[in-house]
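Residue-level listing of the chains:
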Amino acid sequence: MNAYQTYPRRSAITRRFTLGLPRSFRSLITADGPAIFFLRAVSGDDPVHQLLRLNPLTGEETVIVDAYALNVDASQITAEERAQRERLREQASGVTAYDMNTDGTRIVFTLGGELFTTTTPFTTVTPRGVTGAFDPRIAPDGRHVAFHRDGGVTVMAYDTGLLASLFEGEDSVFYGRAEFIAAEEMGRTRGLWWLPDSTTVLATRVDESPVDIWHISDPARPTTASRPVAYPAAGSANALVSLHTANMQTGTKTTIALPAAHPYLARVSVSVDGVVIMSQSRDQRDVQYALLDATAEQAELIRSVKADPWVELIAGTPRWHDGQLVTVEDRPTTTGAIARQVCVDGVAVSPCELYVRDVVSVDATAIVVHASMHDATTIAPYIVLRDEAGSAHKVAFPTGVDDGIHAVIAPLTPDGWWVHSHTGMTEVQTVYMATASLTGALATCAITVTAEQPGFVPKVRLLTLGERQLNAALILPEGADATTKLPVLLDPYGGPHAQRVLRHAGMYLSSAWFAAQGFAVLIIDGQGTPGRDPMFEYALAHDLSLTLDDQIAGLHAAAAHEPRLDLDRVAIRGWSFGGYLAALGVLRRPDVFHAAVAGAPVTYWQWYDTHYTERYLGHPDEQPEAYRRSNLISENVSLNGAAPWDEANPPALMLIHGLADDNVVAAHTLALSSALLADNRPHQVLPLSGVTHMTAQEQVAEALLLQQARFLRAALHHR
């Protein structure tokens, strides 16, 4: 049996071949020398992660925390932690997160909701007798641990285990964790921080009482009560968020309210130099940066940024260093274009042609970023000099490979080790290396990867298509002859914040498997996808359906490159935004798309969350036409903007949805199915009992690939 035949099963068991990849790196110089801490599973089919320490000088890896040896039922986590894992798309178990003090001598983590600590030399792991704990954070000096529990924030003395409650939760009010909208859309997944003094805790207070309660139920288990979820749908009320400090020495507590016009707490950035709070207006066209003063009682406005159609939130920002604010902002250039640039106190310091994706580290002389230069399919770390505006230097690595996706996992430090990863088009597996500059020469140490190999490397042709020079990838069945026409399967995500076309072979595994089923698989990154320039992303303002135009333009341009593409047999598949795009294709353009598999699609944008939806479409009361253009169904649950289908030969449509999905709720698919039925349009619905927005269950993940391939082959065979 070849690798393509076993792929659905192996992909499901290995979580798409991600189990066994090292992650969550922390690099520092300890009293015993350099050390790199990280998480990794024992093997590629084991979801249980262990905590390890690497000595990069010797290459020796030591298991610090063996999750199996602790004999804890890791599935017994709190509802809050379960929701957070869903926001993070966390599919692993065991030790999935940890925190350590500044010198790396004390570590804290939870397993099954129980709090554990370990202290150098890390020979013993100690249960602390605390249950229901979530997201523990250790003070910089290591003397105390703060964590979320029972809706509030509790602090434990590390040495004595003495507990003290700092904030108490109330009905619909909780402290110290991120609300749904922050974790799902803003990239802020925490609500609890220690200030550099190690005596003051900063925590969010979230009041969900204004938010509408939705109920997630499982019809396959009618005896199980529905699960209430505070879901802020577009146009409705958001949670009320504020920041609170508690000083353990003085007992002083203060409230730091967000500006009334800036209800979104987008970021909290804590460093030894200070704390910056980033808030955002509801229309997302205005952000403010405020600096928390030394008493941790007031926040002073230090910068405001306004942009139309929105201000993009960039990972790793803001940063406060040496009394200066480091941000990434979209700035107009002398040519009339828009550049995404690193700014120091509002002054752009990176070159216009460098598309900055995130900030890795900041020091006195340089800012390290991940960025693309002229080619959105490659990503690399660049060093931007703070005192030399307009310059950027790509970080040199010892792998000898320049293209592909390079990342700096742990922050660069002048005298420390850092972790570098690389993926390219010739190997599926990611390479991880610890690297340091010693007396001017690079020293390296490989980090073990225990992930499985899929057994094949996708053979991908990267293309640029059409007038917009769309980045695309084409995968043909191996051994296909030079003349036989091939059915086409478009396999996009196609929406904001996600690229499918990158120089990373591992991203094309499922697409290559579909190609092995006889399809010419085409992946297109159209307007809205990141990596090129901000204007390319802004194009979706007030009309998400425009994403379909680029898929069609790219399809026809690809057929000009490759005449074997059969435009009379075209299918499209996708999940989430890709599912919306797939359903949009057969509804709006059945002349182009003859079959579709739409997984977890948004069908009525007023039912999706505020921060994401209103960024692109505005408030539904103010921009009703934007929603009308983008929705698949109307308010009265009838089809919206759908073209007529040929009754003798209609497109084939399969809708798939997890009934436990609290991100794109199953109502989207059920309502679309009702509208299709009312309009006498044939379709299939595949409900997934107990499945959320991610299909972590092995049997479901395997069967989904097989079901989709079978459905699409049958649909296009009859044309």
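Higher on the page you've got the structure.
## Structural notes on the overall build of the protein chain
Regarding its fold elements, the protein chain presents 11 helices and 44 strands. Radius of gyration (C-alpha) of the protein chain: 25 Å, near the 27 Å computed for a compact globule of 719 residues. Along the first, second and third principal axes, the C-alpha set of the protein chain runs to 80 × 60 × 55 Å. Of all 719 residues assigned to the protein chain, the portion counted as buried reaches 59%. Partitioning the intrachain contacts of the protein chain with sequence separation of at least 6 by distance along the chain shows that 59% fall at a separation of at least 24. One way to put it: in the protein chain the 54 positive side-chain charges average out to a point 4 Å from where the 79 negative ones average out.

## Section: the packing of aromatic side chains
On inspection of all chains with the given rule, the structure shows 22 aromatic pairs. Between Phe-25 and Phe-38 the ring centres are 5.5 Å apart and the planes differ by 35°, which places this aromatic pair in the tilted class. Of the two residues, Phe-25 sits in strand β1 (residues 23–30) while Phe-38 sits in strand β2 (residues 33–41), which places them 13 residues apart along the sequence. On the accessibility criterion, Phe-38 (0% relative accessible area) is buried. Ring centres of Phe-109 and Phe-116 lie 5.5 Å apart, and the angle between their planes is 10°; on these two criteria the pair is classed as stacked. An aromatic cluster is present here, built from Trp-310, Tyr-493, Tyr-538, Phe-577, Tyr-580, Trp-605, Tyr-608, Tyr-612 and Tyr-616 joined pairwise through their rings. Across the ring face of Phe-174, the terminal group of Arg-177 is positioned such that the distance to the ring centre comes to 3.7 Å.

## As for the environment of Thr-317
Relative to the assigned elements, Thr-317 resides in the loop between β24 (299–306) and β25 (319–321). As for Thr-317 and Asp-358, which are separated by 41 residues in sequence, their C-alpha atoms are 7.5 Å apart.

## Concerning the pattern of salt bridges
By the definition in use, this model includes 34 salt bridges. With a shortest N-O distance of 3.2 Å, Asp-491 and Arg-500 are connected by a salt bridge. For the pair Asp-491 and Arg-500, a shared accessibility class is recorded, and that class is buried. One salt bridge in this structure joins Asp-679 and Arg-681, with 2.7 Å as the shortest N-O distance.

## Section: the nonpolar core
In this structure, Leu-490, Phe-593, Trp-605 and Leu-672 are the most contacted members of the largest nonpolar core, which totals 82 residues. In terms of residue count, helix α7 (residues 577–588) provides more of this core than any other element does, 8 residues in total. Discounting chain neighbours no more than four positions away, the residues touching Leu-672 are Ala-583, Leu-587, Thr-603, Leu-632, Ile-633, Leu-639 and Leu-655.

## Focus on the environment of Pro-56
Along the chain, the position of Pro-56 falls in the loop between β3 (48–55) and β4 (60–65). Along the sequence, Pro-56 and Ile-36 sit 20 residues apart, while their C-alpha atoms lie 7.3 Å from each other. Those residues in contact with Pro-56, other than ones at most four positions away along the chain, are Pro-34, Ala-35, Ile-36, Trp-417, Ala-434 and Cys-445.

## Details of the pairing of strand β44 (residues 684–688)
Each regular strand shows side chains that alternate between the opposite faces of the sheet. Across 5 bridges, the pairing between strand β43 (residues 652–658) and β44 is parallel. Paired with Leu-655 across the bridge in β44 is Val-685. Running through helix α10 (residues 667–678), the crossover from β43 to the neighbouring parallel element β44 is right-handed.

## Details of the sheet that holds strand β9 (residues 125–127)
Two strands in a sheet stick together by hydrogen bonds in their backbones, pointing the same way (parallel) or opposite ways (antiparallel). Within the open sheet, the 4 strands sit side by side as β6-β7-β8-β9. Their pairing is antiparallel. Every interior strand has two partners, whereas the edge strands, β6 (99–100) and β9, have only one. Both β6 and strand β7 (residues 106–111) contribute to a ladder of 2 bridges, which runs antiparallel. Note that in β7 the partner of Asp-99 across the bridge is Val-108.

## Structural notes on unusual backbone geometry
The step from Thr-120 to Pro-121 runs through a cis peptide bond, and the omega angle for that step is 15°. Looking at the element boundaries, Pro-121 is found in the loop between β8 (114–119) and β9. In this chain, Asp-308 is followed by Pro-309 through a cis amide linkage whose omega measures 15°. With respect to the secondary-structure elements, Pro-309 resides in the loop between β24 and β25. Of note, the phi angle at Ser-576 is positive, near 65°, even though the residue is not glycine. Positionally, Ser-576 belongs in the loop between β41 (565–575) and α7. Taking relative accessible area as the criterion, Ser-576 reaches 13% and is therefore assigned buried. One non-glycine residue, Val-637, lies in the positive phi region at around 60°. With respect to the secondary-structure elements, Val-637 resides in the loop between α9 (624–630) and β43.

## Notes on the state of the cysteines
Using the criterion set out here, one finds 0 disulfides in the structure. Among the cysteines around Cys-343, which has no disulfide bond, Cys-352 carries the closest sulfur, lying 10 Å off.

## Topic: the side chain of Thr-695
Relative to the helices and strands, Thr-695 resides in the loop between β44 and α11 (698–717). By relative accessible area, which is 17% here, Thr-695 ends up buried. Discounting chain neighbours no more than four positions away, the residues touching Thr-695 are Gln-91, Trp-575, Leu-688, Val-700, Ala-701 and Leu-704.

## Section: the sheet that holds strand β10 (residues 134–138)
The strand order across the open sheet formed by 4 strands is β10-β11-β12-β13, and the pairing between neighbours is antiparallel. Both outer strands of the open sheet, β10 and β13 (163–167), are each paired with one neighbouring strand and no more. With direction set aside, neighbouring strand axes in the sheet form an average angle of 25°. Here strand β12 (residues 152–157) pairs with β13 via 4 bridges, running antiparallel. Bridge assignment links Val-155 to a residue of β13, and that residue is Ala-164.

## Notes on the packing of helix α6 (residues 547–561) against α7
Look at α6 against α7: their axes get within 10 Å of each other, and the N-to-C directions meet at 70°. Our classification of the angle between α6 and α7 gives roughly perpendicular. The residues of α7 that touch α6, namely those facing Thr-547, Leu-548 and Gln-551, are Phe-577, Leu-581, Leu-584, Gly-585 and Arg-588. Here the contact of α6 with α7 is composed, by residue class, of 4 nonpolar, 3 polar and 1 charged.

Analysis parameters
- Going along each chain's sequence as written, the residues are numbered from 1 onward.
- Totals for whole chains, interfaces and linings use every residue, but because this is a predicted model, local features are given only for residues with pLDDT of at least 70 and side-chain atom pairs only at 80 or more, for both listing and counting.
- Computation of side-chain values: all heavy atoms of the structure, hydrogens and water removed.
- For the purposes of this entry, the term helix denotes a DSSP run of H or I that reaches at least four residues, the term strand denotes a run of E that reaches at least two, and both are numbered from the N terminus.
- Note that the radius of gyration is over C-alpha atoms, with the globule rule given as 2.2 Å times the number of residues to the power 0.38.
- Here the term buried applies to any residue with accessible area under 20% of the maximum for its type, exposed to any over 50%, and partly exposed to those in between, with areas from a 1.4 Å probe on protein chains only.
- Note on contacts: a residue pair is in contact if any heavy atoms of the two residues lie within 4.5 Å.
- All tallies of charge rest on Lys and Arg as positive and Asp and Glu as negative; His and the ends of each chain are not included.
- Taken as the charge location is NZ of Lys, CZ of Arg, CG of Asp or CD of Glu.
- Two aromatic rings from Phe, Tyr or Trp, using only the six-membered ring of Trp, form a pair when their centres are within 6.5 Å; if the ring planes differ by under 30 degrees the pair is stacked, by over 60 it is edge-to-face, and anything between is tilted.
- Consider the ring centre and the ring normal. A charge sits over the ring if Lys NZ or Arg CZ is within 6 Å of that centre and within 35 degrees of that normal.
- Salt bridges are identified by distance alone: a Lys or Arg side-chain nitrogen within 4 Å of an Asp or Glu carboxyl oxygen.
- Only buried residues count toward a nonpolar core. Its members are Ala, Val, Leu, Ile, Met, Phe, Trp, Tyr and Cys residues joined through side-chain atoms within 4.5 Å.
- The pairing criterion for strands is at least two bridges between them, as found by DSSP.
- Think of it like this: strands point away, you trace from the first strand over the helix to the second, and a clockwise trace means the crossover is right-handed.
- When the sulfur atoms of two cysteines come within 2.5 Å, that pair is taken as a disulfide.
- The angle between two axes is taken between their N-to-C directions and runs from 0 to 180 degrees, where each axis is a line fitted to C-alpha atoms and a helix contributes only its stretch in contact.
- Working rule for angles: under 35 degrees goes down as roughly parallel, over 145 as roughly antiparallel, 65 to 115 as roughly perpendicular, anything else as oblique.
- Under this grouping Gly is polar, as are all residues other than the nonpolar Ala, Val, Leu, Ile, Met, Phe, Trp, Tyr, Cys and Pro and the charged Asp, Glu, Lys and Arg.

Shape descriptors only; they carry no functional weight alone.
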